[in-house]
Amino acid sequence: MKRLVVLDVDSTMIEQEVIELLAAKVGLEDQVKLLTDQAMAGEIDFRQALEMRVELLAGLDSKVFSELQSQIRVTEGVHELIESVHSAGGKIGAISGGFSQVLSPLAESLGLDCYLANKLEIENGLLTGKISGDVVDAEMKARTLIRWAHEFGIEIAGTVAVGDGANDIQMLQAAGFAVAFRPKEVLREHADFIIEGDSLKPLVEKLNLSSS
C-alpha cells in the first residue's frame, strides 16, 4: 500500500514553535508561549489564540524570516522518515498552523511533496499582525490531508498523520493511522501510536519502511 505521511510542523517536524521565535524578537516570548501552550492543550480555541499571538507581532520587520532559518532545528528522524517514505514509493508533506514564510523554504530544502501553512500579512516590509487568506486550523488540516490523498491517488487507509496538540485531533481522526508525537494529554486518546521520545525514527520502524 502506498502511503501519504503528513506531519504537523511546530514541535513535531521541527523542535521549536516558530511563533515563539518570532515573539522573542519583540520581547513577548513568555506571553505568546502561554497562549501556545493553552491552545495546544485544548484549553482555548486555536484560531482565537492564533489571532491573539499574531497581533502581537505587528510591526516586526519581515527580514526576520531569513534570520530564523538558522535557528530552526529539524527533529531527529525527519530526514530518515522522508527518505524512507520516498524509497517506498510514498509521499510526505507538512501542514502547519504556523507560517508559510518559514515552512516554504524548509519544505523545499527537505524535499517534501506538499505543504501548507498560514501566511502572515506583510505591508511595506512589516508584519501587520494579521493572517492573509484562509486560516490553517484543525478542520483545514484534516481536509487538506484528505485532499492530498485524492490528488496523489492514495487510499485514506494508507494515510498517516503525525501531530502533538489539540489542533491535530481532526487530522489524526481523518487519517488511516494516527501518530501522537510527544503529545499533549488531549491528543493521546486519538492516537494509534504514541512516540514519547524526541525522535521520529520509531515511526520509520513502525511503518516497516526501508531506506535501502
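The model shown is predicted, which means the values in this text are computed figures rather than measured ones.

Some remarks on the nonpolar core
Step number 1: Judged by nonpolar contacts, the single largest core of 52 residues is most densely connected at Val5, Met13, Leu22, Phe99, Val162 and Leu203.
Step number 2: Not counting the four nearest positions on each side in its chain, Val5 is found in contact with Leu81, Val85, Lys91, Ile92, Gly93, Val160, Val162 and Leu207.

Considering the pairing of strand 6 (residues 177-181)
Step number 1: Of all five residues in strand 6, five are buried; the element is thus mostly enclosed.
Step number 2: A two-sided burial pattern is seen for strand 6, the buried positions comprising Phe177, Val179 and Phe181 on one face and Ala178 and Ala180 on the other.
Step number 3: Looking at chain direction, strand 5 (residues 159-163) and strand 6 are connected through four bridges and run parallel. Each residue of the ladder has a partner; that of Val162, found in strand 6, is Val179.

Section: the packing of helix 2 (residues 29-40) against helix 3 (residues 46-55)
Step number 1: Packing of helix 2 against helix 3 leaves a shortest axis separation of 9 Å and a crossing angle of 170 degrees. Accordingly, the angle class assigned to the pair helix 2 and helix 3 is roughly antiparallel. For the pair formed by helix 2 and helix 3, the contact residues are Val32, Leu35, Thr36, Ala39 and Met40 on the first element and Phe46, Ala49, Met52 and Arg53 on the second.
Step number 2: Class assignment of the residues belonging to the contact of helix 2 with helix 3 gives a composition of seven nonpolar, one polar and one charged.

Some remarks on the sheet that holds strand 4 (residues 126-132)
Step number 1: The seven strands lie next to each other as 4-3-2-1-5-6-7, forming an open sheet whose pairing is mixed. In this open sheet, the two edge strands, each paired with only one partner strand, are strand 4 and strand 7 (193-195). When strand polarity is set aside, the average angle formed by the axes of neighbouring strands in this sheet is 25 degrees.
Step number 2: Alignment of strand 1 (residues 4-8) against strand 5, held across four bridges, turns out to be parallel. Paired with Leu7 across the strands is Val162, a residue of strand 5.

Considering the pattern of salt bridges
Oppositely charged side chains are able to pair whenever their charged atoms sit close together.
Step number 1: Using the criterion set out here, one finds 13 salt bridges in the structure.
Step number 2: Residue Lys184 pairs with Asp164 through a salt bridge whose shortest N-O separation is 3.2 Å. Linking Lys184 in the loop between strand 6 and helix 9 (185-188) with Asp164 in the loop between strand 5 and helix 8 (169-174), this pair joins segments that are 20 residues apart in sequence.
Step number 3: Among the charged side chains, a salt-bridge network with shared partners connects Asp8, Lys141 and Asp168.

Conventions used here
Counting from 1, residues in each chain are numbered in the order their sequence is written. Reporting of local features is limited, given that this is a predicted model, to residues whose pLDDT is at least 70; pairs of side-chain atoms are given and counted only at 80 or more, and all residues count toward the totals for whole chains, interfaces and linings. Water and hydrogen atoms play no part in the side-chain values, which are based on all heavy atoms of the structure. Nonpolar core, defined: a set of buried Ala, Val, Leu, Ile, Met, Phe, Trp, Tyr and Cys residues in which side-chain atoms within 4.5 Å join the residues together. Exposure classes here rest on a 1.4 Å probe applied to the protein chains alone. A residue is buried below 20% of its type maximum, exposed above 50%, and partly exposed in between. The contact definition used throughout considers only heavy atoms, calling two residues in contact when any of these lie within 4.5 Å. Counting from the N terminus, the helices are the DSSP runs of H or I reaching at least four residues and the strands are the DSSP runs of E reaching at least two. Criterion used throughout: strands pair if DSSP finds at least two bridges between them. As a rule, the C-alpha atoms of each element are fitted with a line to give its axis, helices using only the stretch in contact, and angles between N-to-C directions run from 0 to 180 degrees. Should an angle fall under 35 degrees it is taken as roughly parallel, and over 145 as roughly antiparallel, whereas 65 to 115 is taken as roughly perpendicular and any remaining angle as oblique. Put simply, Ala, Val, Leu, Ile, Met, Phe, Trp, Tyr, Cys and Pro go in the nonpolar bin, Asp, Glu, Lys and Arg in the charged bin, and everything else, Gly too, in the polar bin. Salt bridge, as applied in this entry: a Lys or Arg side-chain nitrogen positioned within 4 Å of an Asp or Glu carboxyl oxygen.

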